[in-house]
Amino acid sequence: MVRPEDDSGPVTRPTSLGRLLNGIGHIILAVGAIFMVLPILWMVSTSFKPPTEVSLWPPELIPSQPTWDNYTGIFDDAPFHVYFLNSVGYSLVATISVMVTSLLAGAIFGKYNFPGRVFLFMVIIATAIVPFEAYIIPLYIQIIDLDWVNTPQGIVLPTLFLSFGVFLLRQHVSSAIPTELLEAGRVDGASEWWILRRVITPLSAPALSAIGIFAFIQAWGAFFWPLIVANDQDLFNMELGLQIFQFRFSADYGKLMAGSVISTLPMLIAFLVLRRRIIESVALSGLKG
Amino acid sequence: MTSKPRSGKGVDRRTALKLAAGAGLASAGGFGFARPAKAADVTLNVWTGYPELVPYYKAVADEYAKTHAGFKINLLSTSLREHEQKLSAAMPTGTGPDIFDVGANISIKFAGANLLKPNSAEIDQYMKANWSKYTIDFLSFKGKTYGIPLLEGRAAMYWNKAMFKEAGVNGPPTTFGELIEAAQKIVKIDSTGKMTRSGISMRLSGQGSGITEKFRFVLEPAGGKFIEETKSGKWHNGYDNEAGRNALQLYVDIVQKLKVDDPKVPHDADAFANGTTAMLFREAWVIGEIQKKSPTLDFGVAPIPRWDAKSPYKMLVQPWAVYVSGKSKNEAASWDFLKFLSQPNNARLITEMTGWGCNRQGVDWTPLLKKTPQFEVFVQPPKDVQTFSDPVIAVFDELESRAADKLPGLYVDSSLNGNPAKVAEAIKALAAQTDSILKTAGIYGTS
């Protein structure tokens, strides 16, 4: 990685205007950070509040009588461990599938010439600009024909493929992997499958990570499609499971927030562990997650 | 080909990939295992848009199962909007539940599309024998009844006894004039001019049809109607008149002239429970919320005041029914369970467990009222209270939602303060929008 000071030339001292602008920038970012963090703090705080403290006015961030009841209560009210495992299962399956399919399609579109290649690629890219809501009904009818309503495979199906993943991998494979490298492999007698596994895959690791992280986040936060397809609460993911605390005109905010903390925690841990890779991925893909 | 010996220090990349792939496949495959079921079992799929009803449905199903071996319900609860979306996808495609509860504005769409069957003669007779004509009419479409009434939303006025006592007001107010007087004595403003306690919590902000619904809490006592039906079965606005102007003027006065409520202070049930307002118009479920969040609160519930001493009390009543899907494979079992569900002791149970009212006739409310007297207005309203309800037409939600987009802005529009001509102009424009939606729906008429 190139450090900024390696870029070129002598280091110049910032002018006072530069320092002022820098300071203003930091203040704006700090205020922005507070606004971003505050709802999370509020969520955590509310999850430890008894019902009598949840709607106090003026509101208090620190609970005066903190309790674990909301955390134990959510497991009494619903099989939250099942929802959690479902979320993990759906997200893992989606991530693995998106990585595999994106790699295969990306490599083919990026390095192989065949009639209709550009047209097919455009068709795949075009699907990325069609909003999910626009084809949800035909997709649901397809799921009915497959007899996959109220099944895990029906829930994960739309998350198994990602046209953006194909696009990203195609761009990466065509620009970052020299064709000469593949030619050298072929000259040495390597099969196309061997080249894919031993040359293209390792060299595509950064792009694959980006798309894997993106696919996981997307599958973890899925709500509308699982809502339509899952008729059995045992198939719910965390996002759907949280609804049971949302009543007709009110909500059990303590339990809702406790469930939200549990739902957010894996993503938070994953971010802390993988933050470097995630930031690189965001830079690579141009996505904000 | 020889494989490399394993180092034993950890899992190498290949093994990790195999494990990950294996886990993925196992997950995907494992998810698909069918659950064995006994042929004799009856399992009804029940969907509700009221998650707070889940314990009630379960309790009644457990009771029913004591006399019906092998009976189970597979209960699915989602919040109401999601429930309606789910039903909209599932009902036409035959992937819906056996039993579901939903508002009449949705059920008439299903009835119109033949996705719901009219009640059989037996169920029709059962309904007519046990519910008021009012409820029967509400749940009828083209002269036929659909579903069985489950609960009712009834709106009344909550008042904080301690605050009234502190302000020297003998509550509760019986007219809107008395209400304003009480609110002015109770409201608290700090030295900076900031309201710290509102005299009454009106619905001043937010989004969705609820804002218009709460506007009707004032409009109806004032003598108006949101929409009126003509003799020929057409509809037109019923508030481009003195009643509509009075209702809007009252809201504007409460916020701007009298300053007994403010959009910036907490509102609704939470505000009443935590003592930041003295009065609130709401349904019976608030009693449960107060018991949970502020169990020592000393409060009463009375009818929403009359416009003046000569006007009648008005109460919004919104029946909510439970239906058997037209495509259910367990139709007979479903209806039998619903009849059990609506027996008098179970009707009382729904109020006890959820706070939602029920107007099933023949229910002995004594045990409930002994425990929680505040329920009385909801389950045994005074005889001089006149009820009104939502018209059962498909566009009603749209009518309310579109009006609700504009009402909060009008409440705080300073040009309306002390300016009856502007208030009349605002009401006229709002009413024109209502009529326009009715025209688009093809149901507008004045005769």
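Residues numbered from 1 in each chain as written. Chains lettered and ligands numbered in written order. Predicted model: local features only at pLDDT ≥ 70, side-chain atom pairs only at ≥ 80, totals over all residues. Heavy atoms only, no water.

> Describe the overall build of chain A, naming the residues involved and giving the relevant values.
Within chain A, the regular secondary structure consists of 14 helices and zero strands. Going from N to C terminus, chain A has its helices and strands arranged as α-α-α-α-α-α-α-α-α-α-α-α-α-α. Its C-alpha atoms give chain A principal-axis dimensions of roughly 75 × 70 × 30 Å. Expressed as a percentage of its 289 residues, the buried residues of chain A come to 40%. (Helix = DSSP H or I, 4+ residues; strand = E, 2+ residues; numbered from the N terminus. Buried < 20%, exposed > 50% of the residue type's maximum accessible area, 1.4 Å probe, protein only.)

> Break down the overall build of chain B for me, citing the residues and quoting the values.
Each helix and strand counted, chain B has 18 helices and 15 strands in total. When burial is assessed residue by residue, chain B has 53% of its 447 residues classed as buried. Counted over contacts in chain B with a minimum sequence separation of 6, partners at least 24 positions apart contribute 74%. Positive and negative charge centroids in chain B, built from 55 and 46 side chains respectively, lie 7 Å apart. (Contact = heavy atoms within 4.5 Å. Lys, Arg positive; Asp, Glu negative; His and termini not counted. Charge placed at Lys NZ, Arg CZ, Asp CG, Glu CD.)

> Requested: an account of unusual backbone geometry, with residues and values cited.
Phi at Asn150(A) is positive, roughly 65 degrees, even though this residue is not glycine. Positive phi, normally seen in glycine, also occurs at Asp268(B), with a value near 65 degrees. By the element assignment, Asp268(B) lies in helix 11 (residues 268-273).

> Go over the pattern of salt bridges, please, and point to the residues and values.
Residue and element names in this part refer to chain B. Going through the model one piece at a time under the given rule, you end up with 27 salt bridges over all chains. Lys339 is the partner of Glu122 in a salt bridge, and the nearest nitrogen-oxygen pair spans 2.5 Å. With Glu122 in helix 5 (residues 121-130) and Lys339 in helix 13 (residues 331-341), this residue pair connects regions lying 217 residues apart in the sequence. Since its relative accessible area comes to 23%, Lys339 is described here as partly exposed. In this structure, Arg197 engages Glu166 in a salt bridge whose closest nitrogen and oxygen atoms are separated by 3.2 Å. Here Arg197, found in strand 9 (residues 195-197), pairs with Glu166, found in helix 7 (residues 161-166); they are 31 residues apart in sequence, far enough to count as distant. Overall, Arg197 belongs to the buried group, its relative accessible area being 8%. You can call Glu166 exposed: its relative accessible area is 52%. Connected via shared salt-bridge partners are Arg203, Asp268, Arg282 and Glu283. (Salt bridge = Lys/Arg side-chain N within 4 Å of Asp/Glu carboxyl O.)

> Account for the packing of helix 4 (residues 80-111) of chain A against helix 11 (residues 205-220) of chain A, with residues named and values stated.
All names here are of chain A. Running from N to C, helix 4 and helix 11 point in directions that differ by 145 degrees, and their axes come no closer than 8 Å. Helix 4 and helix 11 meet at a crossing whose hand is right-handed. In this structure, helix 4 contributes Phe84, Ser87, Val88, Tyr90, Ser91, Leu92, Ala94, Thr95, Val98, Met99, Ser102 and Leu103 to the contact, and helix 11 contributes Leu208, Ile211, Gly212, Ala215, Phe216, Ala219 and Trp220. Of the residues in the contact of helix 4 with helix 11, the class split is 14 nonpolar, five polar and no charged. (Axes fitted to C-alpha atoms, helices over the stretch in contact; angles between N-to-C directions. Left-handed = near helix turned anticlockwise from the far one by under 90°. Nonpolar A, V, L, I, M, F, W, Y, C, P; charged D, E, K, R; others polar.)

> Residue-level account of the environment of Ala432(B), with values.
Residues and elements named next belong to chain B. Following the sequence through the fold, Ala432 ends up in helix 18 (residues 420-440). A residue is classified by how much of its surface remains accessible, and Ala432, at 42% relative accessible area, is partly exposed. Considered as a pair, Ala432 and Asn237 are 195 residues apart in the sequence and their alpha carbons are 8.0 Å apart.

> Could you give an account of the nonpolar core, with specific residues and numbers?
All names here are of chain B. The biggest cluster of nonpolar side chains holds 113 residues, and the ones touching the most others in it are Leu150, Tyr158 and Phe337. Counting residues per element, this core draws most heavily on strand 14 (residues 313-324), which supplies eight residues. Look past the residues within four positions of Leu150 in its chain and what remains in contact with it is Leu53, Tyr56, Tyr57, Asp101, Trp320, Ala321, Val322, Leu341, Ile350 and Cys358. Membership of the second largest hydrophobic core comes to 61 residues, among which are Val169, Met195, Val260 and Ile304. (Core = buried A, V, L, I, M, F, W, Y, C linked by side-chain atoms within 4.5 Å.)

> So what's going on with the sheet that holds strand 13 (residues 299-302) of chain B? Residues and values would help.
Residue and element names in this part refer to chain B. The strand order across the open sheet formed by three strands is 12-7-13, and the pairing between neighbours is antiparallel. With partners counted over all chains shown, the strands left at the sheet margins are strand 12 (279-282) and strand 13, one partner each. Recorded for the sheet is a direction-independent mean angle of 25 degrees between the axes of neighbouring strands. Sitting on the sheet, helix 12 (residues 285-293) is in contact with strand 7 (156-160), strand 12 and strand 13, with an inclination near 25 degrees to strand 7. (Pairing = 2+ DSSP bridges.)

> Run through the confidence of the model for chain B, naming residues and quoting values.
All names here are of chain B. Here chain B averages 89 in pLDDT, while 91% of its residues score no lower than 70. Looking over chain B, one finds the lowest element-wise mean pLDDT in helix 1 (residues 13-31), namely 44, and the highest in strand 11 (residues 235-238), namely 98. For residues 1-39, every residue scores under 50 in pLDDT, and the model assigns this stretch 19 contacts once sequence neighbours within four places are set aside. Predicted complex, confidence summary: ipTM 0.78, pTM 0.81. (pLDDT = per-residue confidence, 0-100.)

> Describe helix 11 of chain A, with residues and values.
The end-to-end C-alpha distance of helix 11 of chain A is 22 Å, a good match for the 22 Å that 16 residues give at a rise of 1.5 Å each. Within the span of helix 11 of chain A, buried status applies to Ala207(A), Leu208(A), Ser209(A), Ala210(A), Ile211(A), Gly212(A), Ile213(A), Phe214(A), Ala215(A), Ala219(A) and Trp220(A). (Expected span 1.5 Å × (residues − 1).)

> Kindly report on the pairing of strand 6 (residues 148-154) of chain B, identifying the contributing residues and their values.
Residue and element names in this part refer to chain B. For strand 6, the buried fraction is high: seven of the seven residues fall into the buried class. Bridge count between strand 6 and strand 14: six bridges; the pairing is antiparallel. Of the residues in strand 14, the one forming a bridge with Glu152 is Pro319.

> Give me the packing of aromatic side chains: which residues, what numbers.
For the coordinates displayed, the defined rule picks out 42 aromatic pairs over all chains. Judged by centre distance (5.2 Å) and plane angle (40 degrees), the rings of Phe48(A) and Tyr71(A) are tilted. Note that Phe48(A) is positioned in the loop between helix 1 (16-47) and helix 2 (51-54) and Tyr71(A) in helix 3 (residues 69-77), a separation of 23 residues in sequence. On the basis of relative accessibility, which here comes to 22%, the residue Phe48(A) falls in the partly exposed class. Ring geometry for Phe132(A) and Tyr135(A): centres 5.4 Å apart, planes at 90 degrees, overall edge-to-face. Joined through ring pairs, the aromatic side chains of Phe109(A), Phe114(A), Phe121(A), Phe164(A), Phe167(A) and Phe214(A) make up one cluster. In this structure, Arg282(B) is placed above the aromatic ring of Phe249(A), and the distance from its NZ or CZ to the ring centre is 4.6 Å. In this structure, Arg360(B) packs its charged tip against the face of Trp131(B), placed 5.2 Å from the ring centre. (Phe/Tyr/Trp six-rings, centres within 6.5 Å; stacked < 30°, edge-to-face > 60°. Lys NZ or Arg CZ within 6 Å of the ring centre and 35° of its normal.)

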